[in-house]
Amino acid sequence: MSVMKNRAVLRWLVPVTAGVAVIGGGAAVGTFAAGADPALPPRSAAQLLEDLRTSRLDGLSGTVVQRADLGLPPIAALAGRATGNDLAGLVSGTHTLRVWYGGEDRQRLALVDTLGEQDILRNGRDVWTWNSRENTATHRVLPADAPERATVPATPADAADRALEAIDPTTAVTVGRTATVAGRDVYELVLTPRDKASLVHQVRIALDAKEHVPLRLQVLADGQDEPAFQVAFTQVDFRTPEADQFRFNPPPGVKVTEATEDERPGPAGKKLDRKDGERPDVRTVGTGWTTVVVAEIGDAATGGDATGGDATGGDAKPDADAPDAQMLSQVLGDLPKVSGDWGSGRLLSGKLFSVLLTDDGRVIAGLVTPERLYEAAKG
């Protein structure tokens, strides 16, 4: 299938942090790559983009290492532990994943750490999530009219998809150095925001010189020489995996939960009821790399007033038997208090993005400085 024509392939091939999801792209196509090792035939940015659009991917397997140094408190990891979902903690630290891709309806991801393994598998309409630590599994059957998309996002092309699909004049697109990733020669596309108000300095996408598939994605923060976020293959095989790789065989003693259509997919063994009334009202302010997302969530986002209170929101209290949930609540409550002519709230800021949780019930976020969030908060 065509990699660019089928968004599911790109979304599955490259994971990205939440902040990169609001990236705006750019259109100033740059010059040929300078001499570098390995020595590859020169390609312009326009040619590399065309290579990506016309490439085909029928199968893939490999090992992916993701590293994130966003300069944040350990909120992401705590959120994952509190909900029982280790995958929620991928926005911090270093993680190793095994991935398999056998087509738009066959994918598998395995997150492996020192305490166990968590797998997500899709085989046709069947989707399984398994947690080896708890020996629990959740099975879902996708509806027949489900949109064509990859259920298991996880390697170097979700971020590339998001960055490239919004190409417009807000970004300069140039060619970087050639390099070697996972033992394969690659070209490098470099996306540089023109708007200096963005916290993102560059996004670098390494494309396989033969298969034209992204093998590495790096996001550099403004003023930083090392990537704040990187996801890259350390080993890759472009042969289509065997069908057995996408079949889930429950291990002995596993507790299996059948999810219904009225439930959103949650961590293994857990159900999350879908309630339309809980969906926030979301809008955007600005364009391109300095886009700010504003979500109206109702009750105070910081939980109570600016002096503190329950950081989980409203009158909700964390379960006394859930120490990780209590720890997450405490971390949120310890975020710096901020105020101005826009109101008051708490601020989470890192190298690539900022998040403002206002006391009047809004979550405002973007790849921008806190000052840009305060402007958006004024309406």
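No experiment lies behind these values; they were computed from the predicted model shown. (Residues numbered from 1 in each chain as written. Predicted model: local features only at pLDDT ≥ 70, side-chain atom pairs only at ≥ 80, totals over all residues. Heavy atoms only, no water.)

## Some remarks on the overall build of the chain
Thinking step 1. When helices and strands are counted, the chain shows six helices and 22 strands.
Thinking step 2. For the chain, with 379 residues in total, the buried portion stands at 50%.
Thinking step 3. Here the chain displays about 17,400 Å² of accessible surface, and carbon together with sulfur accounts for 49% of that area. (Helix = DSSP H or I, 4+ residues; strand = E, 2+ residues; numbered from the N terminus. Buried < 20%, exposed > 50% of the residue type's maximum accessible area, 1.4 Å probe, protein only. Areas by Shrake-Rupley, 256 points an atom, 1.4 Å probe, with all protein chains shown as cover.)

## Remarks on the environment of Leu-207
Thinking step 1. Counting through the fold element by element, Leu-207 comes out in strand β11 (residues 200–208).
Thinking step 2. When its relative accessible area of 1% is taken as the criterion, Leu-207 is described as buried.
Thinking step 3. Each residue touching Leu-207, except ones within four places of it in the same chain, is listed here: Leu-48, Leu-52, Asp-185, Val-186, Tyr-187, Leu-189, His-212, Val-213 and Pro-214. (Contact = heavy atoms within 4.5 Å.)

## Regarding the pattern of salt bridges
One side chain can pair with another of opposite charge once the charged atoms of both are near each other.
Thinking step 1. Throughout the structure, instances matching the rule amount to 10 salt bridges.
Thinking step 2. The partner of Asp-119 in a salt bridge is Arg-108, and the shortest N-O contact between them spans 3.0 Å. Within this pair, whereas Asp-119 is found in strand β5 (residues 116–123), its partner Arg-108 is found in strand β4 (residues 106–113), the two being separated by 11 residues in sequence.
Thinking step 3. Classification of Arg-108 as buried rests on a relative accessible area of 16%.
Thinking step 4. Across the salt bridge formed by Asp-244 and Arg-247, the nearest N and O atoms sit 2.1 Å from each other. (Salt bridge = Lys/Arg side-chain N within 4 Å of Asp/Glu carboxyl O.)

## Overview of the packing of aromatic side chains
Thinking step 1. In total, this model carries three aromatic pairs according to the counting rule given.
Thinking step 2. Measuring from ring centre to ring centre gives 5.3 Å for Trp-342 and Tyr-374, while their planes differ by 10°; the resulting arrangement is stacked. Residue Trp-342 is located in the loop between β19 (337–340) and β20 (343–349), and its partner Tyr-374 is located in helix α6 (residues 370–377); the two are separated by 32 residues in the primary sequence. Take Trp-342 and Tyr-374: they sit in the same class, and that class is buried.
Thinking step 3. Among the aromatic residues, ring-to-ring pairing joins Trp-128, Trp-130 and Phe-248 into one connected group. (Phe/Tyr/Trp six-rings, centres within 6.5 Å; stacked < 30°, edge-to-face > 60°.)

## With respect to the sheet that holds strand β22 (residues 362–366)
Thinking step 1. The strand order across the open sheet formed by six strands is β17-β18-β22-β21-β20-β19, and the pairing between neighbours is antiparallel. Edge positions in the sheet fall to β17 (281–285) and β19, since each has one partner strand and no second. Averaged over all pairs of adjacent strands, the angle between their axes in this sheet comes to 25°, without regard to strand direction.
Thinking step 2. Both β17 and strand β18 (residues 292–296) contribute to a ladder of five bridges, which runs antiparallel. Bridge pairing in β18 places Asp-281 opposite Glu-296. (Pairing = 2+ DSSP bridges. Axes fitted to C-alpha atoms, helices over the stretch in contact; angles between N-to-C directions.)

## Focus: unusual backbone geometry
Thinking step 1. Backbone geometry at Ala-182 places phi at a positive 55°, although glycine is not the residue there.
Thinking step 2. In this model, His-212 sits at a positive phi of 60°, which is unusual for a non-glycine residue.
Thinking step 3. Here His-212 lies in the loop between β11 and β12 (214–221).

## Considerations on the pairing of strand β21 (residues 354–358)
Thinking step 1. The buried fraction of β21 amounts to five of the five residues, a majority that puts the element mostly inside the structure.
Thinking step 2. Judged by which residues are buried, β21 turns out to be covered on both faces: Ser-354, Leu-356 and Thr-358 on one side and Val-355 and Leu-357 on the other are all buried.
Thinking step 3. When β20 meets β21, the two strands line up antiparallel, connected through five bridges. Residue Ser-349 lies in a different strand from β21, and its bridge partner there is Ser-354.
Thinking step 4. Count of turn residues in the β20/β21 antiparallel hairpin: four residues.
Thinking step 5. Here β21 pairs with β22 via four bridges, running antiparallel. Residue pairing across strands places Leu-356 opposite Ile-364, the latter belonging to β22.
Thinking step 6. Counting the residues that bridge the hairpin from β21 to β22 gives three residues, and of these Gly-361 lies at a positive phi of roughly 95°.

## Quick word on helix α2 (residues 45–54)
Thinking step 1. Those residues of α2 lying buried are Ala-45, Leu-48, Leu-49, Asp-51 and Leu-52. When α2 is viewed along its axis, its buried side chains cluster within an angular range of 155° and face the same direction. (Arc of directions from axis to C-beta.)

## Some points on the confidence of the model for the chain
Thinking step 1. Residues of the chain with pLDDT of at least 70 account for 64%, and the chain-wide mean is 75.
Thinking step 2. With pLDDT under 50 throughout, residues 75–86 is counted as low confidence; its partners more than four residues away or in other chains account for 34 contacts.
Thinking step 3. With pLDDT under 50 throughout, residues 264–274 is counted as low confidence; its partners more than four residues away or in other chains account for 35 contacts. (pLDDT = per-residue confidence, 0-100.)

## Section: the nonpolar core
Thinking step 1. Membership of the largest hydrophobic core comes to 43 residues, with the highest contact counts inside it found for Leu-60, Leu-189, Val-203, Phe-229 and Leu-352.
Thinking step 2. Core analysis: the next-biggest nonpolar cluster, separate from the first, contains 12 residues, Trp-342, Leu-347, Leu-356 and Ala-376 among them. (Core = buried A, V, L, I, M, F, W, Y, C linked by side-chain atoms within 4.5 Å.)

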